[in-house]
Amino acid sequence: MPGIDECLLDVMRLPGARGAAVVDWTSGLALGTVGDSPNGDHEATAAETAEVARMAAEQPAFALGSPEPAAGAAGSAPPVEDVIVTTRAGYHILRFVETDFDSSVFFHLWLDRAEGNLALARIRLGEIAERLVLA
């Protein structure tokens, strides 16, 4: 089962991948990074994307239609699967990772708009997130 570094290397194999990180959305800390950062600073980017992830994950409007977690379920996942932000030059995909503990981790993939494939990246990022092992 792959860890953070191996998963980030897999993410960077996606066409158009510019940079990626695994971020804790409660603290805003980057647990691992690879490639470039949109603003040149991986830690600042992690903090900024954590705010977006936290806002999406904690909003009741996004929980509508989501299955209720089992009573007492440890590490119930946020109701949001991923968040996609498009810019003129690229895409930012925030993919939440389900874990056995607090599920406060997500992938941030920065994808070049001209070279990347958003649908493929979203599918592959989901597969990689399922394989990620956090120790």
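Refer to the structure presented above.
Residues numbered from 1 in each chain as written. Predicted model: local features only at pLDDT ≥ 70, side-chain atom pairs only at ≥ 80, totals over all residues. Heavy atoms only, no water.

1. Digging into the pairing of strand β5 (residues 105-112)
Right, on to step 1. In terms of residue burial, β5 counts as a mostly covered element, since eight of its eight residues are buried.
Right, on to step 2. Residues V105, F107, L109 and L111 point to one face of β5 and F106, H108, W110 and D112 to the other, with burial holding for every one of them.
Right, on to step 3. Direction of pairing for strand β1 (residues 17-24) relative to β5: antiparallel, over a ladder of seven bridges. Each bridged residue has a counterpart across the sheet, and for A20 the counterpart in β5 is L109.
Right, on to step 4. Note: strand β4 (residues 90-97) against β5, eight bridges, orientation antiparallel. Following the sheet pairing, V97 is matched in β5 by V105. (Buried < 20%, exposed > 50% of the residue type's maximum accessible area, 1.4 Å probe, protein only. Helix = DSSP H or I, 4+ residues; strand = E, 2+ residues; numbered from the N terminus. Pairing = 2+ DSSP bridges.)

2. Comments concerning the pairing of strand β2 (residues 29-35)
Right, on to step 1. Sheet topology note: the β1/β2 ladder contains six bridges and is antiparallel. Residue pairing in the sheet places A21 in a bridge with T33 of β2.
Right, on to step 2. The loop that links β1 with its antiparallel partner β2 comprises four residues; one of these, G28, has a positive phi angle of about 80°.

3. Remarks on the packing of helix α1 (residues 4-12) against helix α4 (residues 118-131)
Right, on to step 1. Relative orientation of the contacting elements α1 and α4 amounts to 170°, with a least axis distance of 10 Å. Judged by the inter-axis angle, α1 sits roughly antiparallel to α4. Listed contacts from α4 to C7, D10 and V11 of α1 are L125, I128 and R131.
Right, on to step 2. Here the residues of the contact of α1 with α4 sort into four nonpolar, no polar and two charged. (Axes fitted to C-alpha atoms, helices over the stretch in contact; angles between N-to-C directions. Parallel < 35°, antiparallel > 145°, perpendicular 65-115°, else oblique. Contact = heavy atoms within 4.5 Å. Nonpolar A, V, L, I, M, F, W, Y, C, P; charged D, E, K, R; others polar.)

4. Quick notes on a negative patch on the surface
Right, on to step 1. On the surface, a cluster of negative charge is made up of D41, E43, E48 and E51.
Right, on to step 2. Examined against the element boundaries, E48 turns out to sit in helix α2 (residues 42-58). (Patch = residues over 30% accessible without salt bridge, like charges linked within 9 Å, V, L, I, M, F, W, Y side chains within 5 Å. Areas by Shrake-Rupley, 256 points an atom, 1.4 Å probe, with all protein chains shown as cover. Salt bridge = Lys/Arg side-chain N within 4 Å of Asp/Glu carboxyl O. Lys, Arg positive; Asp, Glu negative; His and termini not counted. Charge placed at Lys NZ, Arg CZ, Asp CG, Glu CD.)

5. Focus: the sheet that holds strand β3 (residues 82-86)
Right, on to step 1. Ordered in space as β2-β1-β5-β4-β3, the five strands form an open sheet in which the pairing is antiparallel. Because the sheet does not close on itself, it has two edges, and the strands there are β2 and β3. Taken over all neighbouring pairs, the strand axes of this sheet differ in orientation by 15° on average, direction set aside.
Right, on to step 2. Against the sheet, α1 contacts β1, β2 and β5, and its axis sits at roughly 150° relative to β1.

6. Remarks on the packing of aromatic side chains
Right, on to step 1. Tallied over the full model, the rule gives two aromatic pairs.
Right, on to step 2. Ring geometry for W25 and F96: centres 6.2 Å apart, planes at 85°, overall edge-to-face. One end of the pair, W25, is in the loop between β1 and β2; the other, F96, is in strand β4, and 71 residues separate them in sequence.
Right, on to step 3. Residue classification places W25 among the buried positions, given a relative accessible area of 9%.
Right, on to step 4. Judged by centre distance (6.2 Å) and plane angle (50°), the rings of F96 and F106 are tilted. Linking F96 in strand β4 with F106 in strand β5, this pair joins segments that are ten residues apart in sequence.
Right, on to step 5. Judged by its relative accessible area of 0%, F106 is buried.
Right, on to step 6. An aromatic cluster of three or more residues is present, and its members are W25, F96 and F106.
Right, on to step 7. When the ring centre of W110 is taken as origin, the NZ or CZ atom of R18, which lies over that ring, is 4.2 Å away. (Phe/Tyr/Trp six-rings, centres within 6.5 Å; stacked < 30°, edge-to-face > 60°. Lys NZ or Arg CZ within 6 Å of the ring centre and 35° of its normal.)

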